[in-house]
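# Structure assessment
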Amino acid sequence: MAKSKQTLNSVLRGLPSVSDLLATPTACEIASTAGESHAAELSRRAVEELRREVLAGNQSFKRNLAGEAENRLSGLWRSEELSGLRRVINATGVVIHTNLGRSRLSDAARQAINEAAGYCTLEYDIESGKRGARGRRAEQLLIELTGAEDVLIVNNCAAAAFFVLTAFASGGEVVISRGELVEIGGDFRVPDVLTQSGATLREVGTTNRTKLSDYEKATGPNTRMILRVHPSNYRIVGFTTVPTAGELSHLAKEHGLVLYEDIGSGALVDLSSIGIAGEPVVADSIDAGVDIVTFSGDKLLGGPQAGIVAGKRELIAKLRRHPLYRALRVDKLTYAALEATLKIYRRGDMLNEIPTLQMLSMGKEQIATRVAQFLDKLNDKLGKKSDLKFEISDGDSATGGGAAPDAKLGTKLISLTHKTLSASRIEHKLRFGKTPVIARIVDDRVLIDLRTVNAAEEAELVESLLAI
Ligand SMILES: *Cc1c(COP(=O)(O)O)cnc(C)c1O
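Parameters and conventions
- Residues numbered from 1 in each chain as written.
- Predicted model: local features only at pLDDT ≥ 70, side-chain atom pairs only at ≥ 80, totals over all residues.
- Heavy atoms only, no water.
- Axes fitted to C-alpha atoms, helices over the stretch in contact; angles between N-to-C directions.
- Helix = DSSP H or I, 4+ residues; strand = E, 2+ residues; numbered from the N terminus.
- Parallel < 35°, antiparallel > 145°, perpendicular 65-115°, else oblique.
- Left-handed = near helix turned anticlockwise from the far one by under 90°.
- Contact = heavy atoms within 4.5 Å.
- Buried < 20%, exposed > 50% of the residue type's maximum accessible area, 1.4 Å probe, protein only.
- Pairing = 2+ DSSP bridges.
- Salt bridge = Lys/Arg side-chain N within 4 Å of Asp/Glu carboxyl O.

## Some points on the packing of helix α3 (residues 25–34) against helix α4 (residues 36–55)
Working note: a packed helix pair is described by the angle between its axes plus the distance between those axes. Two elements in contact, α3 and α4, have axes separated by 7 Å at closest approach and are oriented at 135 degrees. In terms of axis orientation, α3 runs oblique to α4. Considering how the two elements wind past one another, α3 and α4 form a crossing that is right-handed. Along its contact with α3, which presents Ala27, Ile30, Ala31 and Ala34, the element α4 presents Glu36, His38, Ala39, Leu42 and Ser43.

## Describing the pairing of strand β18 (residues 445–449)
With 4 of its 5 residues buried, β18 lies for the most part within the structure. Judged from the 4 bridges that link them, strand β15 (residues 409–418) and β18 form a sheet pairing that is antiparallel. When the sheet's bridge partners are listed, Leu416 is paired in β18 with Val446. Examined bridge by bridge, strand β17 (residues 440–442) and β18 share 3 bridges and lie antiparallel to one another. Looking across to β18, one finds that Val442 is bridged to Arg445. Taken together, β17 and the strand that follows it, β18, pair antiparallel across an intervening segment of 2 residues, in which Asp443 is found at a positive phi of about 50 degrees.

## Quick word on the pattern of salt bridges
Pairs can form between side chains of opposite charge whenever their charged atoms are close. Taken as a whole and assessed by the stated rule, the structure comprises 33 salt bridges. With a shortest N-O distance of 2.8 Å, Arg72 and Glu68 are connected by a salt bridge. Taken together, the residues Arg72 and Glu68, both in helix α5 (residues 65–82) and 4 residues apart, mark about one turn of the helix. Like Glu68, Arg72 is buried. Between Arg320 and Glu139 there is a salt bridge; the shortest N-O distance is 3.2 Å. One end of the pair, Arg320, is in helix α13 (residues 313–321); the other, Glu139, is in helix α7 (residues 136–146), and 181 residues separate them in sequence. Using a relative accessible area of 30% as the deciding quantity, one classes Arg320 as partly exposed. For Glu139, a relative accessible area of 0% translates into the label buried. Each member of the salt-bridge network shares a partner with another, and the members are Glu49, Glu53, Glu68 and Arg72.

Below is the structure:
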């Protein structure tokens, strides 16, 4: 006992002090980027971590505690650096990938963000030289594209839904079909948002069938709103009924209620020509007489994160004056990106210029051609003796973002295997490369889908594969 205590003490004496560690080249390099005090903080953590392990009896590194402390320090710094926002190559084939930033922005939107980053006309009118309406250009483009009387832009669609429910239904009842009480993406549950807004939920009908008369029977003196929610990420098929937007609009008018539809994915144009069927088009809902429609800016629209509220003039005016608007409004970069994205729609060039739609519209043959060219390039560089093997297989890409869950996006996948490395090792190496490559693993194979990799990223992807 006494002996081991003595040993422990002598081991602890080998532990470097924080100032010793701070004098190492590793710490100096960290200090030059992160500043002295942060380098000191990380050094303290590294030494402390090591001391705890020594006390806990883990002495496998007791011979060189100074070197080990330096390793720990560099590890702490590295994981901090990795945790920042970094560009990645999305090789998953999931086009609207929420974890990877949802939609890739168009060149025009990127340029617009860059320009707006300095001073810009966010709330300034060049013609009069006076204060202007914030973000009005983007709103006007949306008015044009949706046919709505007016539009307001907030932080995201969840904020839009919360805002609309709070402004028009707080303290009253909201009638909604049981089939639409959905959860979208884990943390957006329609019933929870309703509760938060101070409205009371009045469920009607059944999961698969809700009739107009169900809505009518549920309407009473406390009813403020009829809510329709697009179930986005799932579909009920088979024996189903829901009233049309037009029918609900009549009912709402008759009873003096607001008819609100949360569309979510928000297609501005019909996308059935590129295989995205069953997604509601905003203009159709407005046409059918829906009073307020909300949708995301970064799902099928292919723009920046935003929540768009489109609808009747007097309702939007009420939202614009509401104190919550100040808390939910967006910044100049969002308006800039949105304006640029919407101008592409107005020109009719969305399928070519908006990356989300362009990637969704790629046919299997087009991808097959790219895969063949890509593998030619790769094999040239790799040589014959490589341990890395590639096969081409059929598969599906995904729309993602809780939109069009049943769309079939046939693709050609590159399937990677290695003589000695497991699929998870390969995936790990790709993820830790210079530009992280995010890929899927299915049945012990790493799968790469070029649908979501653009031509400019292919050279980098080749480098990452060579580095395996
Ligand atoms: C995605 C979605 C939302 C949430 O949109 P965010 O822009 O992510 O906040 C809300 N409602 C529906 C129907 C959706 O599909």
